[in-house]
Amino acid sequence: MALGVRPGAHMVAGIKLSDRENTAVIVDFAGNLIADLAMPHQPGAMELADLLNLTAELVDRVCQKAGIERSNLSAIGLGVPGFVDAAAGIAHWSPILAGRHIPLAQALSARICLPVHIDNDANLVTLAELWFGAGRRLSDFAVVTIEHGVGMGFVLNHRIYRGAQGLGMELGHTKVQLDGALCRCGQRGCLEAYVADYALAREATTALNWTNRENRSLNILLESLYDHAKAGNQAARSIFHRAGRFLALGLANVVNLFDPELIILSGERMRYDYLYANETLAEIKALALNTGRPAPKIEIHAWGDLLWAHGAAALALSAVTEGLLAPAREIAAQ
Ligand SMILES: [Zn+2]
């Protein structure tokens, strides 16, 4: 039996917090966008109380834009970068939150009197692709996000795979070099330590003798590196080329492990097209096992902030749907 949804039956909010911009959307039960909002944000870790106040303000302001009350919402989905246990609602570590192992979902739920579900950025971008994007037609695909770090969300048999403790699929911290470059996580040789924006900036600082530029922001350093590469600077080009080879190595390992139908590369760094050049794609092909099968498709999707917030809304929608279906399943099982 095919079931239809009544779009107006429920509304949820999706909130994305990051160290540059916070965004919020309200969608109806069919996923239609009702209202959206973006607010700039200063980098740095917040205390929990400040983060809760900020999130409550975002929720109230986007509700105001939608012309509804907070109590009209059925649930909130909240996305934060970092290590998040979605099932337990715990933020183990996030660059925007001071402290570790914070029961964030519970704390926000108590603050705003609504059910709250949390997850990390890569999973939410993956959920957005699964519910609203290219993933609607696919059972097995990967979304790799490249920005401050390297993240991955993976859909296996139409569902996000999270691992036994919700911390799986940390592609950025798989090792691509023994005793290699130091990573933000404290270990050495992680893929992220060769591909993420801080890694590119580190290489640029040494290779281009940018000793006087240490005080510049990461974004300005990267823009400058990109401009140098485009203008034909060989040192700048070789930084992107090397990072692209490491990325190819990481993606070829994903292909060999999971055999996905599609890999979506997603992130704001898409304009650094050197990372995603034809050489990178050729290198993936060369490193993936030659089994005679067609290589998985690789698509590049620029990642808008609203996409992430949409994923947070999809998280809330799936929780509301699950809540509605669970009693029916129990009755059916009796
Ligand atoms: Zn690492």
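Use the structure listed above.
Summary of the structure given here. Not measured: the values here are computed from a predicted model. (Residues numbered from 1 in each chain as written. Predicted model: local features only at pLDDT ≥ 70, side-chain atom pairs only at ≥ 80, totals over all residues. Heavy atoms only, no water.)

### Quick word on the sheet that holds strand β7 (residues 116–120)
Phase 1 of the analysis: Overall, mixed pairing links the five strands, which are arranged β3-β2-β1-β4-β7 in an open sheet. With one partner strand each, in any of the chains shown, β3 (33–40) and β7 form the two edges of the open sheet. On average, each strand axis in the sheet is inclined to that of its neighbour by 15°, with strand direction left out of account.
Phase 2 of the analysis: Strand direction decides the pairing type here: strand β4 (residues 75–80) and β7, joined by five bridges, are parallel. (Pairing = 2+ DSSP bridges. Helix = DSSP H or I, 4+ residues; strand = E, 2+ residues; numbered from the N terminus. Axes fitted to C-alpha atoms, helices over the stretch in contact; angles between N-to-C directions.)

### Examining the coordination of the zinc ion
Phase 1 of the analysis: The protein atoms that coordinate the zinc ion are H173 (ND1), C183 (SG), C185 (SG) and C190 (SG), at distances of 2.0 to 2.4 Å.
Phase 2 of the analysis: Each donor residue of the zinc ion belongs to the same chain, with the gaps between them written as H-x9-C-x1-C-x4-C. Of this pair, H173 sits in the loop between β10 (159–161) and α4 (192–195) while C183 sits in the loop between β10 and α4, placing them ten residues apart in sequence.
Phase 3 of the analysis: A relative accessible area of 5% means that C183 is categorised as buried. (Donors = N, O, S within 2.8 Å, 3.2 Å for Na, K, Ca; no water. Buried < 20%, exposed > 50% of the residue type's maximum accessible area, 1.4 Å probe, protein only.)

### Let's talk about the pattern of salt bridges
Phase 1 of the analysis: Enumeration according to the criterion identifies seven salt bridges in this entry.
Phase 2 of the analysis: D60 is the partner of R70 in a salt bridge, and the nearest nitrogen-oxygen pair spans 2.9 Å. A residue pair is termed long-range when its members are at least 10 positions apart, and R70 in the loop between α1 (48–66) and β4 and D60 in helix α1 qualify at ten residues.
Phase 3 of the analysis: Among the ionic contacts, a cluster of salt bridges with common partners joins R202, E203 and R242. (Salt bridge = Lys/Arg side-chain N within 4 Å of Asp/Glu carboxyl O.)

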